[in-house]
Amino acid sequence: MSGYDSALSIFSPDGHVFQVEYASEAVKRGTCAVGVKGKESVVLGCEKRTTLKLQDPRITPSKICKIDNHALLAFAGLNADARILVDKARVEAQSHRLTLEDAVSIEYLTKYVAGVQQKYTQSGGVRPFGIATIIAGFDSNDTVPRLYQTEPSGVYNAWKAHAIGRSSKTVREFLEKHYEEDLSDEQTIKLTIKSLLEVVQTGAKNIEVSVLKAGNVIQKLSVDEIKKYVDEIEAEKAAEAEKKKKPRD
Amino acid sequence: MNTIANKFTHANSSSVLNEINAVQSEFASGHQLELAPSIQVPPISQPTDFLRAHTDDASNPDCKIKIAHGTTTLAFRFKEGIVVAVDSRATAGNWIASQTVNKVIRINPFLLGTMAGGAADCQYWETWLGTQCRLHELREKERISVAAASKILGNLVYEYKGMGLSMGTMVCGYTKKEGPTIYYVDSDGTRLKGDIFCVGSGQTFAYGVLDSEYKWDLTVEEALYLGKRSILAATHRDAYSGGSINLYHVTETGWVYHGNHNVGDIFWDIKEKEQSFNNVDG
């Protein structure tokens, strides 16, 4: 096995391209990111690493990046790789506006990002991007929420709700259990935060949330707003626990 | 030809090697001056002057290479959609090369392109445009907008600006997003959206008739007649326009062909019916 994993441009005898699979390992070590579709909104949530003492949290770049007025991208994995990919996506979004006189559709954008990631799995002298992305938004003049995910291999999928990065399996299982169709904006935000709380133990200050709605509406929730939801969720959890205890006596 | 055209065959198809090499050479050479791209040019000191000296009939009537030219084409928007009318004569200097040229290209059931200027340039690049529109449809699972289609052609000819392309075209079509739309695109790189355009050596004659009778509220029948009558006026006075008239009507369900009308025949019909062209002896 060890002979087939150092170069990108070769298959192993059993059909693996190991470098691409190792890139996915890098993704699994990145901070968690979640996306949930509601009836009229898409919500993106990210785990924020605890800021070290002298770090300036106000201007440290966030993990949710604006690609264009109607599209956001959240990622998990190597932050530096993400920076490059986000920039390529931004350039492509503007290039599309210039040549086609229209904004990119979310699927087009996803296809492009996935295409770039795939390019870097099939050439010499480069390594794949060590990130998976969640791309969310609305197409122009459309009210249908869109949520897509790409991975280092260049595969992309559409999702109703999805999580990537650290402990994403736990979050995904939680989402599978609790996701419903046509959630209201409030319910979608709450579900996103609730699912993130499964892995982020330290609460509101380590979560960031952005809400997208049709018509280029992008709203970043403040720490206080997030805290409000967290408190609500904790209160509900406590109430549930109480109810479970009662019948015993 | 292909290196320039390839630039506009959609971002997705740019070669892997270019991308990787660009990344690597950025590290090697430091600053990449993207504002000054280079294109393939013939190895002559002044290609545009060379071309003008050898092919431009106006500046040098004794030139040996005669490019096929001469046309009247028009398109106008009105309440019921778009009417497109073109003549069918091709001339090379004083020689009438053909009386039966097809100057409208059917890009797809909802998009038409007209051709005026150099026949070869128009035919080649508008067929190429049709290819790009089809690729767009396959990739995006959606028909291309008239704005995007006209921009593909406009950007392409701009790459060749100054190198002697001669094209005056109108990209006409209907999409749900835009409604009926006409874009005028020429080989200078001009690209204009508009309601009425006449293009070609006979355009002024066509404008004369079209402008005086045009109304937004024309019926389909009146509009088709107006288009035909405007081209007829141009074929009558412009030596480089003639042959027959091809008529199209673009609606929300696509374009409809309204026949080929030989100028030699309909001239006499219209002269009698309208009691016009009275200086011509019947």
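So, a few notes on the structure that sits alongside this text. (Residues numbered from 1 in each chain as written. Chains lettered and ligands numbered in written order. Predicted model: local features only at pLDDT ≥ 70, side-chain atom pairs only at ≥ 80, totals over all residues. Heavy atoms only, no water.)

1. So, the overall build of chain A
Right, on to step 1. Tallying secondary structure elements over chain A gives six helices and ten strands in all.
Right, on to step 2. With respect to the three principal axes, the spread of C-alpha positions in chain A is 65 × 50 × 40 Å.
Right, on to step 3. Out of the 249 residues belonging to chain A, those deemed buried represent 47%.
Right, on to step 4. Contacts spanning at least 24 positions in sequence make up 63% of the contacts within chain A whose residues lie at least 6 apart.
Right, on to step 5. Carbon and sulfur atoms make up 52% of the accessible area of chain A, which amounts to about 13,100 Å² in all.
Right, on to step 6. In chain A, which carries 36 positive and 35 negative side-chain charges, the distance between the mean positions of the two groups comes to 5 Å. (Helix = DSSP H or I, 4+ residues; strand = E, 2+ residues; numbered from the N terminus. Buried < 20%, exposed > 50% of the residue type's maximum accessible area, 1.4 Å probe, protein only. Contact = heavy atoms within 4.5 Å. Areas by Shrake-Rupley, 256 points an atom, 1.4 Å probe, with all protein chains shown as cover. Lys, Arg positive; Asp, Glu negative; His and termini not counted. Charge placed at Lys NZ, Arg CZ, Asp CG, Glu CD.)

2. Some thoughts on the overall build of chain B
Right, on to step 1. Per the secondary structure count, chain B includes eight helices and twelve strands.
Right, on to step 2. The 282 residues of chain B split such that 47% are buried.
Right, on to step 3. Partitioning the contacts of chain B with sequence separation of at least 6, the portion at a separation of at least 24 is 61%.
Right, on to step 4. With an accessible surface of roughly 14,500 Å², chain B has 53% of that area assigned to carbon and sulfur atoms.

3. Describing the sheet that holds strand β2 (residues 81-86) of chain B
All names here are of chain B.
Right, on to step 1. Here five strands make up an open sheet; going across it, the order is β10-β1-β2-β11-β12 and the pairing antiparallel. The open sheet has two free edges, formed respectively by β10 (196-199) and β12 (254-262), since each of these has just one partner strand. This sheet shows a mean twist of 10° between the axes of neighbouring strands, independent of strand direction.
Right, on to step 2. Pairing analysis gives five bridges linking β2 to strand β11 (residues 244-251), with the strands arranged antiparallel. Looking across to β11, one finds that I82 is bridged to V250.
Right, on to step 3. Lying over the sheet, helix α6 (residues 203-213) contacts β1 (73-78) and β10, oriented at roughly 150° with respect to β10.
Right, on to step 4. Strands β11 and β12 of the sheet are contacted by helix α8 (residues 263-274), whose axis makes an angle of about 85° with β12. (Pairing = 2+ DSSP bridges. Axes fitted to C-alpha atoms, helices over the stretch in contact; angles between N-to-C directions.)

4. Re the packing of helix α7 (residues 220-237) of chain B against α8(B)
Residue and element names in this part refer to chain B.
Right, on to step 1. Viewed as axis vectors pointing N to C, α7 and α8 meet at an angle of 110°, and their least axial separation amounts to 11 Å. On the basis of the axis angle, α7 is roughly perpendicular to α8. Between α7 and α8, the residues in contact are Y225, K228, R229, L232, T235 and H236 and V263, I266, F267, I270, K273 and E274, respectively.
Right, on to step 2. Of the residues belonging to the contact of α7 with α8, the class tally is six nonpolar, two polar and four charged. (Parallel < 35°, antiparallel > 145°, perpendicular 65-115°, else oblique. Nonpolar A, V, L, I, M, F, W, Y, C, P; charged D, E, K, R; others polar.)

5. What about unusual backbone geometry?
Trans is the common state for peptide bonds, and a negative phi is the common state for residues other than glycine.
Right, on to step 1. You will see that A:E101, though not glycine, has its phi angle at about 50°, which is positive.
Right, on to step 2. If you trace the backbone, A:E101 turns up in the loop between α2 (79-100) and α3 (106-119).
Right, on to step 3. Its relative accessible area of 33% is what places A:E101 among the partly exposed residues.
Right, on to step 4. A positive phi angle, near 60°, is found at B:Q275, a position not held by glycine.

6. Here's the deal with the pattern of salt bridges
Side-chain pairing between opposite charges can occur once the charged atoms of the two side chains come close.
Right, on to step 1. Enumeration over the complete set of coordinates arrives at 21 salt bridges over all chains.
Right, on to step 2. As a salt-bridge pair, A:D185 and A:K213 come within 2.5 Å of each other at their nearest N and O atoms. Residue A:D185 is found in helix α5 (residues 185-197), and its partner A:K213 is found in strand β9 (residues 207-213); the two are separated by 28 residues along the sequence.
Right, on to step 3. Taking relative accessible area as the criterion, A:K213 reaches 26% and is therefore assigned partly exposed.
Right, on to step 4. Overlapping salt bridges bring together A:E101, B:K151 and B:R191 as one network. (Salt bridge = Lys/Arg side-chain N within 4 Å of Asp/Glu carboxyl O.)

7. Focus on the pairing of strand β4 (residues 95-98) of chain B
Residue and element names in this part refer to chain B.
Right, on to step 1. With three bridges connecting them, strand β3 (residues 90-92) and β4 associate as antiparallel partners. Bridge assignment links A92 to a residue of β4, and that residue is W95.
Right, on to step 2. The turn linking β3 back onto β4 is made up of two residues, and G93 within it adopts a positive phi angle of 70°.

8. A word on the packing of helix α4 (residues 119-140) of chain B against helix α5 (residues 146-159) of chain B
All names here are of chain B.
Right, on to step 1. Running from N to C, α4 and α5 cross one another at 130°; their axes reach a closest spacing of 10 Å. With respect to α5, the axis of α4 lies oblique. The element α4 and its partner α5 pack so that their crossing is right-handed. Here W125, W128, L129, Q132 and C133 of α4 come into contact with α5, specifically with A149, I152, L153 and L156.
Right, on to step 2. Classifying every residue of the contact of α4 with α5 by side-chain character gives eight nonpolar, one polar and no charged. (Left-handed = near helix turned anticlockwise from the far one by under 90°.)

9. Points about the pairing of strand β5 (residues 131-137) of chain A
All names here are of chain A.
Right, on to step 1. Burial analysis of β5 places seven of its seven residues in the buried class, which makes it a mostly covered element.
Right, on to step 2. Residues I131, T133, I135 and G137 line one face of β5 and the alternating positions A132, I134 and A136 line the opposite face, and both faces are buried.
Right, on to step 3. Bridge count between strand β4 (residues 71-77) and β5: seven bridges; the pairing is antiparallel. Its bridge partner being in β5, G77 is matched across the sheet by I131.
Right, on to step 4. Examined bridge by bridge, β5 and strand β6 (residues 146-150) share five bridges and lie antiparallel to one another. Bridged to I134 within β6 is Q149.

10. Considering the packing of aromatic side chains
Right, on to step 1. For the coordinates displayed, the defined rule picks out 13 aromatic pairs over all chains.
Right, on to step 2. Aromatic pair B:Y124 and B:W125: ring centres 5.0 Å apart, planes at 80°, arrangement edge-to-face.
Right, on to step 3. Look at B:Y184 and B:F197: their rings are 5.5 Å apart centre to centre, the planes differ by 25°, and that puts the pair in the stacked class. Note that B:Y184 is positioned in strand β8 (residues 179-186) and B:F197 in strand β10, a separation of 13 residues in sequence.
Right, on to step 4. For B:Y184, a relative accessible area of 16% translates into the label buried.
Right, on to step 5. Accessibility expressed as a relative area gives 12% for B:F197, which makes it buried.
Right, on to step 6. Of the aromatic side chains, those joined through ring pairs into one cluster are B:Y124, B:W125, B:W128 and B:Y160.
Right, on to step 7. Sitting above the plane of the A:F75 ring, A:K63 keeps its charged end 5.7 Å from the centroid.
Right, on to step 8. Between the NZ or CZ atom of A:K228 and the centre of the ring of A:Y229, over which it lies, the distance is 5.7 Å. (Phe/Tyr/Trp six-rings, centres within 6.5 Å; stacked < 30°, edge-to-face > 60°. Lys NZ or Arg CZ within 6 Å of the ring centre and 35° of its normal.)

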